[in-house]
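Coordinate inspection notes
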Amino acid sequence: ALGVSYLSASQARALGVDAGILVLLVTQGSPAEVAGLRATRRGVGGSLVLGDVIVDIDGQAIGGERDLFAVLERKAVGDSVAVTVLRTDVLPPRSAGASSNPKEEGAGGAEGGAVASGTAAAGTVQEYTRYLKTFTVVLGEKGESAALTTGVRRLSLDSPPLDPLNRL
């Protein structure tokens, strides 16, 4: 198991995630936490900061749940997999007239990323950067903290999720 909870594809699309698996939660002590994957969280002021979006595992594109399960079903506990995510970093708010060059402001880790702006408090601009990052994850046992295993989840791919938090 990876040790993540994810949002179903239809729910993720409502948040602007058109492909991949949006990580909602990362189980404490899980392979995903050890590797450094990030969960969805609340930012300053309560804004939603999307977690990592899994877009590739071992060179296989991950468009949604079916792709994820197809890849993971061929893996065993203890296998190392390369997990590529689309990561979003929120940059510190700046005043509307300040520089918008992330290289000047030290965007760190966002090499090759794209910078976008959004509306924040009056007179400030909230910027974020998105970039791809690859982690090596050693797959762990499917324990109780993982809730749904791929086998159980696979049986209900065509039905709505039992709860909004799907766990792997």
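Nothing here was measured: the structure is a model prediction, and the numbers come from that model.

**Some remarks on the pattern of salt bridges**
According to the stated counting rule, one finds three salt bridges in the structure shown. A salt bridge links Arg-38 to Asp-89; its shortest N-O distance comes to 2.4 Å. Here Arg-38, found in the loop between α2 (31-35) and β3 (41-42), pairs with Asp-89, found in strand β7 (residues 80-90); they are 51 residues apart in sequence, far enough to count as distant. By relative accessible area, Arg-38 is classed as partly exposed at 28%. With a closest N to O distance of 2.8 Å, Asp-58 and Lys-75 form a salt bridge. Residue Asp-58 is found in the loop between β5 (53-57) and β6 (60-61), and its partner Lys-75 is found in the loop between α3 (65-73) and β7; the two are separated by 17 residues along the sequence.

**Re the confidence of the model for the protein**
Looking at the protein as a whole, the pLDDT averages 74, with 64% of positions reaching at least 70. Across residues 102-112 the pLDDT falls below 50, and counting only partners more than four positions away or on other chains, this stretch makes 17 contacts in the model.

**A look at the pairing of β5**
Within a regular strand, side chains alternate between the sheet's two faces. Burial of β5 is extensive: four of the five residues sit out of reach of the surface. Here β5 pairs with β7 via four bridges, running antiparallel. Across the sheet, Ile-54 pairs through a bridge with Val-85, a residue of β7. Bridge count between β5 and β6: two bridges; the pairing is antiparallel. The residue bridging Asp-56 from the neighbouring strand is Ala-61, located in β6. Connecting the antiparallel pair β5 and β6 is a turn made up of two residues, with Asp-58 showing a positive phi of about 50°.

What counts and what doesn't
- Residues numbered from 1 in each chain as written.
- Predicted model: local features only at pLDDT ≥ 70, side-chain atom pairs only at ≥ 80, totals over all residues.
- Heavy atoms only, no water.
- Salt bridge = Lys/Arg side-chain N within 4 Å of Asp/Glu carboxyl O.
- Helix = DSSP H or I, 4+ residues; strand = E, 2+ residues; numbered from the N terminus.
- Buried < 20%, exposed > 50% of the residue type's maximum accessible area, 1.4 Å probe, protein only.
- pLDDT = per-residue confidence, 0-100.
- Contact = heavy atoms within 4.5 Å.
- Pairing = 2+ DSSP bridges.

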